[in-house]
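Given next are the chains, with one letter for each unit.
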Amino acid sequence: MGNAELQSIHVHPVKAFRGVAPREAVVEPWGLAGDRRWALIDDGGKVVTQREQPRLALAAAEPMAGGGLLLSAPGQEALTIPVPEPAATVATHVFGTKVNAVAACDAAHDWCSAYLGAEVRLVHMDDPATRRPVDPEYALPGETVSFADGYPLLVTTVASLDALNSLIAQGDHAAEGPLPMNRFRPNVVVAGTEAWAEDHWTRISIGEVDFRVAKACGRCVVTTTDQDTAARGREPLRTLARHRRAGTKLLFGQNLVPLSPGTVRVGDPVRVLQ
């Protein structure tokens, strides 16, 4: 894998919203700087994702100076919101785990609720160093994560997507393929590997940063959501169920935990350390 390199970087400032693709990103212990530090919650405090609201794929959040966001979505006037001041936290629930966060301004709540046609609130994770531990079954002591599904970063490879698309082309729903990488909402995409090489990684480096490979990523209905139209199909879950099943999980990509600080840049060499 001597020629493997970082092809692209993806940061999603608001969980479930469209992301941005910077040329470089600072790696923090809990993920890429600015990634999934914000999320929507319903009136019961449960985090809202594309699982329930596929139209979130069409909403965008662009980072602004000072940590604020520029929100935009079809049919909505763009809205700039600041990072909320330290305040009493609200309890949120991320896949059954309670996480404390700080509510954004009322204008943000109104904007997001109007777009979805449902009552939601936008919240900000003020202190990712303490708010949410990584799943203890796969974590080392002290590891934390933002509002990402479970782990600080997700890595995918171009070769594995090519292999998956080849399998989709042979299946009952071939017309749905080939699928783009944004269906899988990764943080880092690696080119120059063999297909499924990432299944065998336990530790890698991307440029100056080392990562622990925590576990393979089980995929959900979000991967069937076209990120440009919010329409749902059957793939890739149909094909993953046939070729990439492990127990009840359908696998694509690997979850990473940073072992060192630093910055990753498009074009950085990717090396397997273990």
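In this text the structure is predicted, and so the values were computed from the model without any measurement.

Procedures and definitions
Residues numbered from 1 in each chain as written. Predicted model: local features only at pLDDT ≥ 70, side-chain atom pairs only at ≥ 80, totals over all residues. Heavy atoms only, no water. Helix = DSSP H or I, 4+ residues; strand = E, 2+ residues; numbered from the N terminus. Polar contact = N/O pair within 3.5 Å; in protein donor to acceptor, adjacent residues only side chain to side chain. Contact = heavy atoms within 4.5 Å. Pairing = 2+ DSSP bridges. Salt bridge = Lys/Arg side-chain N within 4 Å of Asp/Glu carboxyl O. Buried < 20%, exposed > 50% of the residue type's maximum accessible area, 1.4 Å probe, protein only. Expected span 1.5 Å × (residues − 1). Axes fitted to C-alpha atoms, helices over the stretch in contact; angles between N-to-C directions.

**Student:** Help me get a handle on the side chain of Gln50, residues and values and all.
**Tutor:** You can see Gln50 is positioned in the loop between strand E5 (47-48) and strand E6 (60-63). A polar contact of 2.9 Å, which involves the side chain of Gln50, links it to the backbone oxygen of Ala16. When residues no more than four places from it in sequence are discounted, the contact partners of Gln50 are Ala16, Leu56, Ala57, Arg185, Val222, Thr225, Gln227 and Arg232.

**Student:** Can you lay out the environment of Asp199 for me, pointing to particular residues and giving the numbers?
**Tutor:** Within the secondary structure, Asp199 is located in the loop between strand E13 (188-191) and strand E14 (203-206). If sequence neighbours within four positions are ignored, Asp199 has contacts with Arg244 and Gln254. Within the local environment of Asp199, its side chain forms a polar contact with the side chain of Arg244, the two groups lying 2.8 Å apart.

**Student:** How would you summarise the sheet that holds strand E3 (residues 31-32) if you had to cite specific residues and measurements?
**Tutor:** Strands pair in a sheet through their backbones, by hydrogen bonds, and they do so in one of two ways: parallel or antiparallel. Taken together, the three strands give an open sheet; going across it, the order is E3-E2-E18, and neighbouring strands pair in antiparallel fashion. Strands at the two margins of the open sheet, each flanked by one partner only, are E3 and strand E18 (262-265). The pairing of strand E2 (residues 24-28) with E3 spans two bridges and is classified as antiparallel. Along E3, the bridge assignment pairs Val27 with Leu32.

**Student:** Got a sec to walk through the pattern of salt bridges? Specific residues and values, please.
**Tutor:** The final tally for this structure, using the stated rule, is 12 salt bridges. Measuring nitrogen to oxygen at the nearest pair gives 2.9 Å for the salt bridge that ties Asp126 to Arg131. Residue classification places Asp126 among the partly exposed positions, given a relative accessible area of 33%. Here the salt bridges do not stand alone but share partners, grouping Lys15, Arg51 and Asp149 into one network.

**Student:** Go over the pairing of strand E17 (residues 249-258), please, and point to the residues and values.
**Tutor:** Where burial is concerned, most of E17 is hidden: nine out of the 10 residues are buried. Bridge count between strand E12 (residues 153-157) and E17: three bridges; the pairing is antiparallel. Its bridge partner lying in E17, Val155 is registered against Gln254. Relative to E17, strand E15 (residues 209-218) runs antiparallel, the two being bridged by six bridges. When the sheet's bridge partners are listed, Val213 is paired in E17 with Leu256. Sheet topology note: the strand E16 (residues 245-246)/E17 ladder contains two bridges and is antiparallel. Bridged to Ala246 within E17 is Lys249. Between E16 and E17, which follow one another and run antiparallel, lie two residues, and Gly247 among them has a positive phi close to 65 degrees.

**Student:** Please set out helix H2 (residues 158-169) residue by residue, giving values where relevant.
**Tutor:** With 12 residues, H2 should reach 16 Å at 1.5 Å per residue; the first-to-last C-alpha distance of 17 Å fits that figure. Every buried residue of H2 is listed here: Ala159, Ser160, Leu161, Ala163, Leu164, Asn165 and Ile168. Those residues of H2 hidden inside the fold are in contact with E12, helix H3 (237-243) and E17.

**Student:** How would you sum up the sheet that holds strand E7 (residues 69-72)? Please name residues and give values.
**Tutor:** Overall, antiparallel pairing links the three strands, which are arranged E6-E7-E8 in an open sheet. The open sheet has two edge strands with one neighbour each: E6 and strand E8 (79-81). Sheet twist, expressed as the mean angle between neighbouring strand axes with direction ignored, is 25 degrees. Together, E7 and E8 form the strand contacts of helix H1 (residues 106-116), whose direction differs from that of E8 by roughly 140 degrees.

**Student:** Which residues make up the environment of Glu62, and what values go with them?
**Tutor:** Its location among the elements puts Glu62 in strand E6. Linking Glu62 and Leu164, residues 102 residues apart in sequence, is a C-alpha distance of 31 Å. Contact partners of Glu62, with chain neighbours within four places excluded, come to Gly68, Leu69 and Leu70.

It is worth stressing that arrangement in space is one thing and function is another; only the former is reported here.
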